[in-house]
Amino acid sequence: MNAPVISSVSLSELARRTVPRYTSYPTAPHFSTRVDAGVHAAWLMRAGRRADAVSLYLHVPFCRSICHYCGCTTKASLKDGPILAYAETLRREIALVAELTGPVEVSHIHWGGGTPNLLPPAAFEAIVEDLHRRFRIRDDVEHAIELDPRHVTRMDARRLMAAGVTRASLGVQDLDPGVQAAIGRIQPLEVVEAALAALRIAGIHDVNFDLMYGLPGQTRETIRHTAMNAAGLAPSRIALFGYAHVPWFKPNQSLIDEASLPDADARIELARVARETIDAFGYEPIGIDHFARPDDPLTAARDAGTLRRNFQGYTTDAAATLIGFGASSIGRTPEGFAQNAPDTAGWRRAIEAGQLATVRGKAFEGEDLMRGEVIEALLSVFTVDLSAAAARHGADPATFSEGLDRLAPLVEAGWVAVDGWTVRIERQPTEIARLVASAFDAYLGTGGRHSVAV
Ligand SMILES: C[S@@+](CC[C@H](N)C(=O)[O-])C[C@H]1O[C@@H](n2cnc3c(N)ncnc32)[C@H](O)[C@@H]1O
Ligand code: SF4
């Protein structure tokens, strides 16, 4: 392992460290072309023969305009033509995958983007019908969609409900007019209120809000105000993401004036103020960046120790197989990760040629699954029993000794407790969990630049 040793425990210094977000382990920079369409096809056929239900992820990489801060894989389209063409290719991809898996049972469907609500309703409904025709969608399926509140009318919400959508996530980000101007996303509170009301009137009550800290021009006062107004609308969940500024990777972020970005100490303070404000509204903290109402299934999963973390964030979804559809989507089977061509043209070429669009991935090998479990547990419930993890994988717990050594300064400072082989994050878990998890990442330091830890 050639990861840096954690040598000091100043939160402000730790916050400047760059570590992966660990929505997968191994992380995407370690994917390679060794996982191609042929390998993935074999994995999908095996998934079809297992009895367990699978999850589906559908990526829609279109937005009407690109927000300055956006780190998602998406592009601007003012017209519906390219989106309709994309929807047709998605339908062909669904047919191709279903030929490999057969009619597997489906427990979760997640639409992400980009802005999936830009799909014209008839196209969206045709895809949902295809999913029902080709797979066995469970009656209690969780059917979630990410929505841009600027494009949610009452009619849209009714159609989503009629198509079986059970959960929606609205990108709120920040409600301060000055911050909205600086991030290229003008979206007054009334727009969010109207979208939420439309969803509730239609019968979709499980709604998440995405908020962000670390944006240009944010102050304690503006973020408190944003968090109060957002939590005051009583969504069932709130996600609070630290703005990841990676302009070398996302050129649209060059539109953000770096001089107006809060520094590491200010980010810690902004996150603290937002968290305290949300907390005061009775929300329960979930993992490093989510909040849920006490009666939400995420809270129950946290308390039962069954909370999971995947590409979409925290979830109750325990399926071992996630099938990704659309350009850039990432899927997972018990054998490994598989990612589709990131560009829409490359993805379409493959699908139209009757092949999966898989271009890279990572077959699990060696300690990957075991270390992935440890990292997921630390980021979800902030504690892990290393000897139990080792036992599940027939390994020696001493495999983790090097990781424990790397945590020694944090243990000495009382931030992390180690009792035998059990590791528990004691203080500032949301700030340091990614860093603590990185102590058990055997690939760290070998995979490119990441965003800052806090
Ligand atoms: C696909 S968007 C949500 C749906 C819709 N496109 C919207 O913006 O309303 C996913 C979420 O990722 C978050 N996000 C985007 N860029 C980010 C970045 N650079 N750093 C951290 N979070 C980011 C935002 O909170 C955003 O709501
Ligand atoms: S934040 Fe949402 S609406 Fe804005 S560019 Fe990204 S995906 Fe599109």
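Residues numbered from 1 in each chain as written. Chains lettered and ligands numbered in written order. Predicted model: local features only at pLDDT ≥ 70, side-chain atom pairs only at ≥ 80, totals over all residues. Heavy atoms only, no water.

## Here's the deal with the overall build of the protein chain
Line of reasoning, step 1. If you tally the helices and strands in the protein chain, you get 16 helices and 19 strands.
Line of reasoning, step 2. Scaling as 2.2 N^0.38, a compact globule of 454 residues should have a C-alpha radius of gyration of about 22 Å, and the protein chain matches this with 21 Å.
Line of reasoning, step 3. In terms of principal-axis extent, the alpha carbons of the protein chain reach across some 60 × 50 × 40 Å.
Line of reasoning, step 4. Counting over 454 residues, the protein chain shows a buried share of 56%.
Line of reasoning, step 5. Of the accessible surface of the protein chain, which amounts to about 18,200 Å², a share of 53% is contributed by carbon and sulfur atoms.
Line of reasoning, step 6. Taken as two groups, the 46 positive and 54 negative side-chain charges of the protein chain have centres that lie 4 Å from each other. (Helix = DSSP H or I, 4+ residues; strand = E, 2+ residues; numbered from the N terminus. Rg over C-alpha atoms; globule rule 2.2 N^0.38 Å. Buried < 20%, exposed > 50% of the residue type's maximum accessible area, 1.4 Å probe, protein only. Areas by Shrake-Rupley, 256 points an atom, 1.4 Å probe, with all protein chains shown as cover. Lys, Arg positive; Asp, Glu negative; His and termini not counted. Charge placed at Lys NZ, Arg CZ, Asp CG, Glu CD.)

## Remarks on the site of ligand 2
Line of reasoning, step 1. The environment of ligand 2 is made up of C63, S65, I66, C67, Y69, C70, G114, T115, D148, R150 and R185.
Line of reasoning, step 2. The class makeup of the residues in the shell around ligand 2 is 5 nonpolar, 3 polar and 3 charged. (Near = heavy atom within 4 Å. Nonpolar A, V, L, I, M, F, W, Y, C, P; charged D, E, K, R; others polar.)

## As for the packing of aromatic side chains
Line of reasoning, step 1. Per the counting criterion, the structure on display carries 8 aromatic pairs.
Line of reasoning, step 2. Summarising the aromatic geometry, the rings of Y25 and Y443 are spaced 5.8 Å apart at their centres and angled 65° between planes, so their arrangement reads as edge-to-face. Of the two residues, Y25 sits in the loop between helix 1 (11-16) and helix 2 (37-49) while Y443 sits in the segment after helix 16 (429-438), which places them 418 residues apart along the sequence. Each member of the pair, Y25 together with Y443, is buried.
Line of reasoning, step 3. Summarising the aromatic geometry, the rings of F400 and F440 are spaced 5.9 Å apart at their centres and angled 75° between planes, so their arrangement reads as edge-to-face. Of the two residues, F400 is situated in the loop between helix 13 (386-392) and helix 14 (401-406) and F440 in the segment after helix 16; the sequence distance between them amounts to 40 residues. (Phe/Tyr/Trp six-rings, centres within 6.5 Å; stacked < 30°, edge-to-face > 60°.)

## Notes on the site of ligand 1
Line of reasoning, step 1. Among the 21 residues in the neighbourhood of ligand 1, the closest are listed as Y69, Q173, R185, D210 and A244.
Line of reasoning, step 2. Within the contact set of ligand 1, an oxygen atom lies 3.4 Å away from a backbone nitrogen or oxygen of G171.
Line of reasoning, step 3. At 2.7 Å, a side-chain N or O of R185 approaches an oxygen atom of ligand 1.
Line of reasoning, step 4. In isolation ligand 1 has 570 Å² of accessible area, and contact with the protein removes 90% of it. (Polar contact = N/O pair within 3.5 Å; in protein donor to acceptor, adjacent residues only side chain to side chain.)

## Quick word on the side chain of T89
Line of reasoning, step 1. Structurally, T89 is set in helix 3 (residues 81-101).
Line of reasoning, step 2. Overall, the relative accessible area of 2% leaves T89 in the buried class.
Line of reasoning, step 3. Those residues in contact with T89 that sit more than four places away from it in its chain are W347, R348, I351 and E352. (Contact = heavy atoms within 4.5 Å.)

## Some details on the pattern of salt bridges
Line of reasoning, step 1. Under the counting rule described, the total for this entry stands at 26 salt bridges.
Line of reasoning, step 2. R150 serves as the salt-bridge partner of D148, at 2.7 Å between the closest nitrogen and oxygen.
Line of reasoning, step 3. Of the residues examined, R150 reaches a relative accessible area of 28% and is grouped as partly exposed.
Line of reasoning, step 4. Between D303 and R302 there is a salt bridge, with its nearest N and O atoms 2.9 Å apart. (Salt bridge = Lys/Arg side-chain N within 4 Å of Asp/Glu carboxyl O.)

## Some remarks on the domain arrangement of the protein chain
In many reports, interface size means the accessible area that the parts give up when they come together.
Line of reasoning, step 1. Structurally, the protein chain comprises domain 1 (18-322) and domain 2 (367-438).
Line of reasoning, step 2. Averaged C-alpha coordinates put domain 1 and domain 2 at centres separated by 28 Å.
Line of reasoning, step 3. Listed by partner, the interface residues are 16 residues for domain 1 and 17 residues for domain 2.
Line of reasoning, step 4. A per-residue breakdown of the area domain 1 buries against domain 2 is headed by Y22, Y25 and I288, which together make up 40% of the total.
Line of reasoning, step 5. Taken together, domain 1 and domain 2 are joined by 2 salt bridges. (Domains from an automatic or database assignment. Buried area = accessible area lost by both parts, 1.4 Å probe.)

## Points about the layout of surface pockets
Line of reasoning, step 1. One number sums up the size of the second largest pocket: a volume of about 510 Å³.
Line of reasoning, step 2. Contributing elements (two or more residues each) for the lining of the second largest pocket: strand 11 (308-310), strand 14 (330-333) and helix 12 (368-381).
Line of reasoning, step 3. No other element matches helix 12, which puts 6 residues into the lining of the second largest pocket.
Line of reasoning, step 4. Per-class residue counts for the lining of the second largest pocket are 12 nonpolar, 9 polar and 7 charged.
Line of reasoning, step 5. Residue assignment places the lining of the second largest pocket across two domains, with domain 1 (18-322) and domain 2 (367-438) each supplying three or more. (1 Å grid on protein atoms, 1.4 Å probe; cavity = no way out; pocket = protein on both sides within 12 Å on 5 of 7 lines; lining within 4 Å. Points joined across faces, edges and corners; volume = space filled by probe spheres on them.)

## Description of the side chain of H245
Line of reasoning, step 1. Relative to the assigned elements, H245 resides in the loop between strand 8 (237-242) and helix 9 (264-280).
Line of reasoning, step 2. Look at H245 and you get buried, because its relative accessible area is 17%.
Line of reasoning, step 3. In terms of polar contacts, H245 uses its side chain to reach the side chain of Y243, at 2.7 Å.
Line of reasoning, step 4. Within the structure, H245 has its side chain in polar contact with the side chain of E258 (distance 2.8 Å).

## Things to note about the confidence of the model for the protein chain
One rule of thumb: low pLDDT means the predicted coordinates there are not for detailed reading.
Line of reasoning, step 1. Averaged over the protein chain, the pLDDT score is 94; the fraction of residues at 70 or greater is 96%.
Line of reasoning, step 2. Segment residues 1-5 is flagged for pLDDT under 50; beyond a separation of four residues in sequence, or across chains, it makes 15 contacts in the model. (pLDDT = per-residue confidence, 0-100.)

## A closer look at the sheet that holds strand 19 (residues 422-425)
Line of reasoning, step 1. Judged by pairing direction, the sheet is antiparallel, and its 3 strands sit side by side in the order 17-19-18 without closing on themselves. Sheet topology places strand 17 (383-385) and strand 18 (416-419) at the edges, where each strand pairs with a single neighbour. In this sheet, adjacent strand axes meet at a mean angle of 10° when their direction is disregarded.
Line of reasoning, step 2. Of the strand pairs in this sheet, strand 18 and strand 19 are connected by 4 bridges, and their pairing is antiparallel. In the strand pairing of strand 19, D419 is matched with T422.
Line of reasoning, step 3. With respect to the sheet, helix 12 is in contact with strand 17 and strand 19, its orientation differing from that of strand 17 by roughly 145°. (Pairing = 2+ DSSP bridges. Axes fitted to C-alpha atoms, helices over the stretch in contact; angles between N-to-C directions.)

## What to know about the nonpolar core
Line of reasoning, step 1. One finds W111 and F135 to be the most contacted residues of the largest nonpolar core, which totals 75 residues.
Line of reasoning, step 2. Of all the elements, helix 3 adds the most residues to this core, at 8 residues.
Line of reasoning, step 3. Not counting residues within four places of it along the chain, the set of residues in contact with F135 comprises L56, I94, V97, A98, T101, G102, P103, V104, V106 and F325.
Line of reasoning, step 4. With 41 residues, the next largest nonpolar core counts Y314, V416, I425 and A433 among its residues. (Core = buried A, V, L, I, M, F, W, Y, C linked by side-chain atoms within 4.5 Å.)

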